[in-house]
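What follows is each chain in one-letter form.
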Amino acid sequence: MRRWLFVAIMSALTAACAGLRVEHDYDTSINFQPLDTYAWQPRNEADGSLLDSRIRSAVDRELAAKGHRKVPADKADYFVSYRYTVAGEDEPNRVSTSVGVGGGSRGTFGGIGINIGLGRDREESILGIDMIHPVTGKLLWRGVARQRPLTQSDPADTTANVNETVAAILGEFPPGQAASR
């Protein structure tokens, strides 16, 4: 019984640790202090999906909370762009066997164990937000989050996931001002 409890606890801890992972990188030669106006980077095609709207709204809200203003593209200090992908990864079937023999206070005992793991698909989503120089197109700052897919069966859950992920990514933007909220 203790063994099953231990396995259950370890599984729960492993699942908790497999959550949101965020990374940031930026051009250290840039002074981010005067950059306070932005526009979405113009694209050839509009996504128009509900997820696109949620991500854009969350980014706009987070940047506004940091004092950044959305302006027309020709007046922006920087452009904002994002990319969202979901990658699936198949885990192979796992089969392992073990044999154990030991001695106890009541004599010897032994056992044979066979563990057959079932393969499963594991999906990971990647949301990357970029800040780009509007004239040169040079990347100024990038934040990336990796986690389970943002979309859920409930639209409210999807919106909450998007908001949490965008807040985590933009938590370190602009560099050196993470606690400015």
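Sequence positions are assigned chain by chain, starting from 1 and proceeding in written order. Where totals are concerned, whole chains, interfaces and linings use all residues; where local detail is concerned, this predicted model gives features only for residues with pLDDT of at least 70, and gives and counts side-chain atom pairs only at 80 or more. Side-chain descriptors were evaluated using all non-hydrogen atoms of the structure, hydrogens and water having been removed beforehand.

Colleague: Describe in detail the pattern of salt bridges, supporting the description with residues and values.
Modeller: Counted as salt bridges are all cases of a side-chain nitrogen of Lys or Arg within 4 Å of a carboxyl oxygen of Asp or Glu. One pass over the full model with this rule turns up 6 salt bridges. Between Glu124 and Arg21 there is a salt bridge, with the nearest N and O atoms lying 2.3 Å from each other. Of this pair, Glu124 sits in strand β7 (residues 121-132) while Arg21 sits in strand β1 (residues 21-26), placing them 103 residues apart in sequence. The salt bridge involving Lys70 is made with Asp60; its shortest N-O contact spans 3.4 Å. Of this pair, Lys70 sits in strand β3 (residues 69-70) while Asp60 sits in helix α2 (residues 50-65); the two residues are 10 residues apart in sequence, bridging distant segments of the chain. A network of salt bridges, in which partner residues are shared, links Arg83, Asp130 and Arg142. Comment: elements are numbered from the N terminus, with helices defined as DSSP H or I runs of at least four residues and strands as E runs of at least two.

Colleague: Describe the environment of Pro149, listing the residues and the values that go with them.
Modeller: The residue Pro149 is located in the loop between β8 (139-147) and α3 (155-170) in this model. Between buried and exposed lies partly exposed: a residue is buried under 20% and exposed over 50% of the maximum accessible area for its type, with that area taken using a 1.4 Å probe on protein chains only. Residue classification places Pro149 among the buried positions, given a relative accessible area of 16%. Along the sequence, Pro149 and Ser125 sit 24 residues apart, while their C-alpha atoms lie 4.7 Å from each other. Note on definitions: a residue-residue contact is assigned when non-hydrogen atoms from the two residues lie within 4.5 Å. If we skip the residues at most four places from it in the chain, Pro149 touches Tyr84, Val86, Glu123 and Ser125.

Colleague: Requested: an account of the side chain of Thr37, with residues and values cited.
Modeller: Considering the arrangement of structural elements, one finds Thr37 in strand β2 (residues 37-40). Filtering out sequence-adjacent residues up to four positions away, Thr37 remains in contact with Arg69, Val71, Lys75, Ala76, Asp77 and Tyr78.

Colleague: Any details on the packing of α2 against α3? Residues and values, ideally.
Modeller: Where α2 contacts α3, the axes come no closer than 9 Å and their chain directions differ by 40°. Between α2 and α3, the angle is such that the two are oblique. The two elements α2 and α3 cross, and the hand of that crossing is right-handed. Contacts between α2 and α3 involve Leu51, Arg54, Ile55, Ala58, Val59, Arg61, Glu62 and Leu63 from the first element and Pro155, Thr158, Thr159, Val162, Asn163, Val166, Ala167 and Leu170 from the second. Note that Gly is not counted as nonpolar here; it falls among the polar residues with everything else outside the nonpolar set of Ala, Val, Leu, Ile, Met, Phe, Trp, Tyr, Cys and Pro and the charged set of Asp, Glu, Lys and Arg. Residue composition of the contact of α2 with α3, grouped by class: 10 nonpolar, 3 polar and 3 charged. Between the N-to-C directions of two axes lies an angle of 0 to 180 degrees, each axis being a line fitted to C-alpha atoms and, for a helix, fitted only over the stretch in contact. For classification, angles of less than 35 degrees are called roughly parallel, those exceeding 145 degrees roughly antiparallel, those between 65 and 115 degrees roughly perpendicular, and all remaining angles oblique. Crossing handedness: left-handed means the near helix sits turned counterclockwise from the far one by under a right angle, and right-handed means the same turn made clockwise.

Any functional reading would require information that these geometric values do not contain.
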